[in-house]
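Fold and contact review
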Number of protein chains: 2
Amino acid sequence: MKTLPGLENVQTFLALAQDLNFRRTAERLHLDQSALSRRIQKLEQSLGFRLLDRTTREVSLTQAGQQFYRDNAELMRGYDESIQAARRVAEGKAGLLRVAYMAFAATELMPSAMLRFRQAHPYIDVRLEYIRTQGQKIALANGDVDIGYMIGPFDHPDFTALQLSSEPLYIATPRNHPLLLRPRIVPSDLVGQAIILGNMREWEEYRWRLNDMFSGEGIALNVTLEASNTLALNGLVAAGLGITIYPESLIGFLGRNVEVRQIMHPAFRSRTVLVWKRSNRSPQVQAFVQVAKQIGVHAP
Amino acid sequence: MKTLPGLENVQTFLALAQDLNFRRTAERLHLDQSALSRRIQKLEQSLGFRLLDRTTREVSLTQAGQQFYRDNAELMRGYDESIQAARRVAEGKAGLLRVAYMAFAATELMPSAMLRFRQAHPYIDVRLEYIRTQGQKIALANGDVDIGYMIGPFDHPDFTALQLSSEPLYIATPRNHPLLLRPRIVPSDLVGQAIILGNMREWEEYRWRLNDMFSGEGIALNVTLEASNTLALNGLVAAGLGITIYPESLIGFLGRNVEVRQIMHPAFRSRTVLVWKRSNRSPQVQAFVQVAKQIGVHAP
DNA sequence: GTTTATTGATGCACGAAATGCATCAAAGTT
DNA sequence: AACTTTGATGCATTTCGTGCATCAATAAAC
C-alpha cells in the first residue's frame, strides 16, 4: 500500500479553510498560531502544491485548495460515518441495514422477509424506507440504502438483481362491468377500454412496464384518467369511469365496491427484484438476501 | 469542527489488515514490529473498540474491524483521488470534467458544446463517456461522471436538470411506402403500422418514452421486429419489413435507401436534458452548464 | 507621513510522543 | 522437551511538534 501524503493534517486544513484566518483557527483548535502555520506548511510540502495564498493581511484558498477542501470535507464526513458504523458492530449490533421498498413489495414480500430477518438476526438494526423504483437506483448508487425491492427486471453491471416474484396482473372494474361476464380475461379484451392509472410522477416505472406489455400485444393503452393516490383510483373505478390494472399483491387493498379478474397472459405479470450493489459485500446484505430469497413466491 | 479520532493511523491499520501479520507488515512499512503494535493499540484506544483479535499465533479482523476496513479502504482511495484532482488544478489544468452522453446528444448538442467549451476553458481536461440514460443516473449518483446528456424529462431532488432541446420525431420508411403519399404524417397514421425499433436492452428509455407518447394518443405501438444496432435497423426498414421512428438529430445518419417524414404532433418529440448533481458545485460543472445552455436548440 | 495594530512566518528551547532494541509469554512445530 | 514464531512490553533514545518571542509586511488610524 502506497502511503498517502499529508493525511494527518487534512483536518487542520479543513478547519483553517473554514474561516481563513490563522490566529482565530489556531485558537479554536487550542493551538499556537505558529504550530498551525507549520502544520499547513507541512501539508502543502507533502502534497507538493499550495493550498492557500497568504499575504500578511489576508488568506484565501487557491484553486487547488478549493478543490481539495470540497473533496476532503466530504471524505471526513465519510470517515466519521465509518467509525459509527464500526462502533455499532462492535457493540453487538451486527450492523445497520437500510432497505428500500416500493408499493408492490410492501404488502407481502418485504414484511414477511423482515419478520424472518429480525428473528434470525435480532442484532442487526434495520432502517426501512419507501422509495419508488427509479429513486432506488439512485439511492443504491449513492450508498444511501443497502438493498432495495424494485420493479424488475433490472440489469446493470454494478448491481446484483435477484428476482423474487412474478405475480399476475388483475383488472379492477365496477361491479356491473360487462367484462365480468367473460369466463376469462385476456389482454385483447382490454382494447378500447377506458383505463385509469396512477399518474406518471408517482407510478413512472409501473406505467412504463404496462405500456411495454400492451405494445408487445399490439394494443393501445388507453389511459383516460390519472389519479395521484390509490383511494381516488379506487373511487373512480367504482364510479364507473373506467377500469384499472393492479398486481396481485395489491388487490386485497381495493374496496368492496370493485371487482377483480386476473389477466390471463404469460407476459402480463409484475416482477419484483431485490437489488444491491455488487461491491457491497457486507454481511448484513448477504444475510438479508439469504432470508429474502426464501420468501420469494412464484419465483422464476 | 469536531476532531476525528485515530485518523493518523488508519493507513497503518489498512496495511496490517491486508496481510494480518505484525512482523511482515512492520517490515513492509519500514517500521519496528513494536511500533506497529503500539500504533494499532492507539488506534483502537482512540476509537474505543477492538479492530483485531490477536492470539500469539494468528491475527484476525473483528466484525467491527472488517466493517472499518471495507469503509476506509474505499475512503483512502477517495483521498488519493482528491490529491490528484487538486494537483491537476494546481498544475494549471483547471480540473477534470467527466461528461456522459447518449446517442441523441452525440451528433449535435454534445459536440458543439464541447467545441465551445474547449475554446473557453482550454485547461479543463474533459473525459467523454457514452452511457445510456438509465446508466447515467447511476453514474451520476456514484460520482463516476460529473454531468450527463440524457433523455428527459428527469426529476429528482438530488439533481438539477436543464432541458436543452426538444426535437421532433421522424418516421423512416422504405422508399416506396404508402405513407409517403400523405401530405403530412400525424400519429394516427401509424395505427397498425409494423414498427421496427432498437431492442429494449439498448434502447430502454427511448422505447418507454415512445410507448408513452403512443398510449397518450390511444394508439398501440406495434413493434414487430427488434434490432440491436442502427445499421440493421436501417436495413430492415429499407427491405420493407416496417418503419422506424427516429429523432431529428439522427436522421442524417440513415442511409439513402430510406425516406423520412416528420411526425406532426406537439407531444411526439424527444427532449434532451443536461443533468448534474445538485451538490456538485465545482467550477468545471458550472462552466460547462454555462456553455451548454447556449447551444440548446429548440429549447423550451 | 508617521504611528499603530494585525497579519502570517521563523528561530529556538523544551517536552511529549513515537521509535528501536531487547526481552517476555504464549502457542504451534519438530 | 526443545525450538520457532507469534504479538506485547519495559526502557533508553531520538524525533518531531509545540509554545514563546520576535520579525517583516501591510492596512488603518491619526
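Remember, it's a predicted structure, so these values are computed and weren't measured experimentally.

Rules used throughout
Residues numbered from 1 in each chain as written. Chains lettered and ligands numbered in written order. Predicted model: local features only at pLDDT ≥ 70, side-chain atom pairs only at ≥ 80, totals over all residues. Heavy atoms only, no water. Near = heavy atom within 4 Å. Polar contact = N/O pair within 3.5 Å; in protein donor to acceptor, adjacent residues only side chain to side chain. Buried < 20%, exposed > 50% of the residue type's maximum accessible area, 1.4 Å probe, protein only. Helix = DSSP H or I, 4+ residues; strand = E, 2+ residues; numbered from the N terminus. Axes fitted to C-alpha atoms, helices over the stretch in contact; angles between N-to-C directions. Parallel < 35°, antiparallel > 145°, perpendicular 65-115°, else oblique. Left-handed = near helix turned anticlockwise from the far one by under 90°. Contact = heavy atoms within 4.5 Å. Domains from an automatic or database assignment. Buried area = accessible area lost by both parts, 1.4 Å probe. Salt bridge = Lys/Arg side-chain N within 4 Å of Asp/Glu carboxyl O. UniProt positions renumbered as here; feature names shortened; annotations may be inferred. Expected span 1.5 Å × (residues − 1). Bend = angle between axes of the 7 residues up to and from the residue. Least-squares fit on C-alpha atoms with pLDDT ≥ 70 in both. Nonpolar A, V, L, I, M, F, W, Y, C, P; charged D, E, K, R; others polar.

**A look at the protein's contact with DNA strand D**
- Neighbouring residues of DNA strand D: 22 residues in total, closest Arg39(A), Lys42(A), Ser37(B), Arg54(B) and Thr56(B).
- A share of 56% is what sugar and phosphate atoms reach among the atoms of DNA strand D within 4 Å of the protein.
- Between DNA strand D and Arg57(A), the relevant distance is 3.3 Å, taken from a sugar or linking oxygen to a side-chain nitrogen or oxygen of the residue.
- Within the side chain of Arg38(B), a nitrogen or oxygen atom sits 3.0 Å from a base nitrogen of DNA strand D.

**Quick word on unusual backbone geometry**
- Here the bond from Gly152(A) into Pro153(A) is cis, since omega is 0°, no more than 30 degrees from zero.
- Positive phi is not limited to glycine here, since His30(A) has a value of about 55°.
- By relative accessible area, which is 73% here, His30(A) ends up exposed.
- At Leu20(B), a position not held by glycine, the phi torsion is positive, near 50°.
- Relative to the elements of secondary structure, Leu20(B) occurs in the loop between α1 (10-19) and α2 (22-28).
- Look at Leu20(B) and you get partly exposed, because its relative accessible area is 30%.

**Examining the packing of helix α6 (residues 109-120) of chain A against helix α11 (residues 283-295) of chain A**
Residues and elements named next belong to chain A.
- In the contact formed by α6 and α11, the axes pass within 9 Å of each other and the chain directions differ by 120°. When the axis of α6 is compared with that of α11, the two are oblique. Judged by the twist between their axes, the crossing of α6 over α11 is right-handed. Taking contact as the criterion, the partners of Leu109, Ser112, Ala113, Met114, Arg116 and Phe117 in α6 are, on α11, Gln284, Ala287, Phe288, Val291, Ala292, Gln294 and Ile295.

**Structural notes on the domain arrangement of chain A**
Residues and elements named next belong to chain A.
- What the domain assignment lists for chain A is domain 1 (7-90), domain 2 (95-160 + 272-295) and domain 3 (165-270).
- Centre-to-centre, using C-alpha coordinates, domain 2 lies 27 Å away from domain 3.
- Taken together, the twelve residues of domain 2 in the interface contact 15 residues of domain 3.
- Of the roughly 1100 Å² buried between domain 2 and domain 3, counting both surfaces, carbon and sulfur atoms make up 54%.
- Inspection of the region where domain 2 meets domain 3 yields one salt bridge.
- For the interface between domain 2 and domain 3, the tally reads seven residue pairs in polar contact (both at pLDDT 80 or more).

**Concerning the side chain of Thr272(A)**
- Relative to the helices and strands, Thr272(A) is located in strand β11 (residues 269-277).
- Not counting the four nearest positions on each side in its chain, Thr272(A) is found in contact with Met102(A), Phe104(A), Ala105(A), Leu109(A), Tyr149(A), Met150(A), Gly152(A), Leu162(A), Gln163(A), Leu164(A), Ser165(A) and Glu167(A).

**Examining the UniProt feature "domain: HTH lysR-type" (unreviewed entry) in chain A**
- UniProt records the feature "domain: HTH lysR-type" (unreviewed entry) at residues 5-62 of chain A, using the numbering of this structure.
- What you have in residues 5-62 of chain A is 55% helix and 10% strand, and the ends, taken at the C-alpha atoms, are 19 Å apart.

**Overview of helix α8 (residues 200-216) of chain B**
All names here are of chain B.
- Over its 17 residues, α8 runs only 20 Å from end to end, short of the ideal 24 Å by more than 12%, given 1.5 Å per residue.
- Its axis deflected by about 50° at Tyr206, α8 carries its strongest bend there.
- Summarising burial for α8: twelve of the 17 residues are buried, a large majority.
- Among all positions in α8, only Met200, Trp203, Glu205, Tyr206, Arg207, Trp208, Arg209, Leu210, Asn211, Met213, Phe214 and Ser215 are buried.
- In the segment just after α8, Gly218 is the residue with positive phi, at about 70°.

**A word on the side chain of Arg98(A)**
All names here are of chain A.
- If you trace the backbone, Arg98 turns up in strand β3 (residues 95-101).
- Separated by 3.0 Å, the side chain of Arg98 and the backbone oxygen of Gly143 make a polar contact.
- Within the structure, the side chain of Arg98 is placed 3.3 Å from the backbone oxygen of Asp144, a separation counted as a polar contact.
- Not counting residues within four places of it along the chain, the set of residues in contact with Arg98 comprises Arg127, Gly143, Asp144, Val145, Asp146 and Ile147.

**Notes on the relation of the copies chain A and chain B**
- Mapping chain A onto chain B calls for a screw motion: a turn of 180° about the axis and a shift of 0.0 Å along it, with 0.3 Å RMSD after fitting. Taken together, these values place the two copies in the relation of a two-fold axis. In terms of proximity to the rotation axis, the leading residue of chain A is Ala220(A), whose C-alpha is 1.8 Å off the axis.
- Interface residue correspondence from chain A to chain B reaches 98%, placing this contact among same-surface, isologous pairings.

**Topic: the interface of chain A and chain B**
- Each side of the interface is counted separately: chain A has 65 residues, and chain B has 64 residues.
- With both chains or domains summed, chain A and chain B bury close to 5500 Å², and 60% of this area falls on carbon and sulfur atoms.
- Between the two partners, chain A and chain B, sit two salt bridges.
- A salt bridge links Arg201(A) to Asp155(B); the shortest N-O distance between them is 3.1 Å.
- Along the contact surface separating chain A from chain B lie 18 residue pairs in polar contact (both at pLDDT 80 or more).
- Those elements that place two or more of their residues in the side of chain A that touches chain B are α1 (10-19), α4 (63-90), α7 (133-142), α8 (200-216) and α11 of chain A.
- In terms of residue count, the dominant contributor to the side of chain A that touches chain B is α4(A) (19 residues).
- In the side of chain A that touches chain B, the residues fall into 30 nonpolar, 19 polar and 16 charged.

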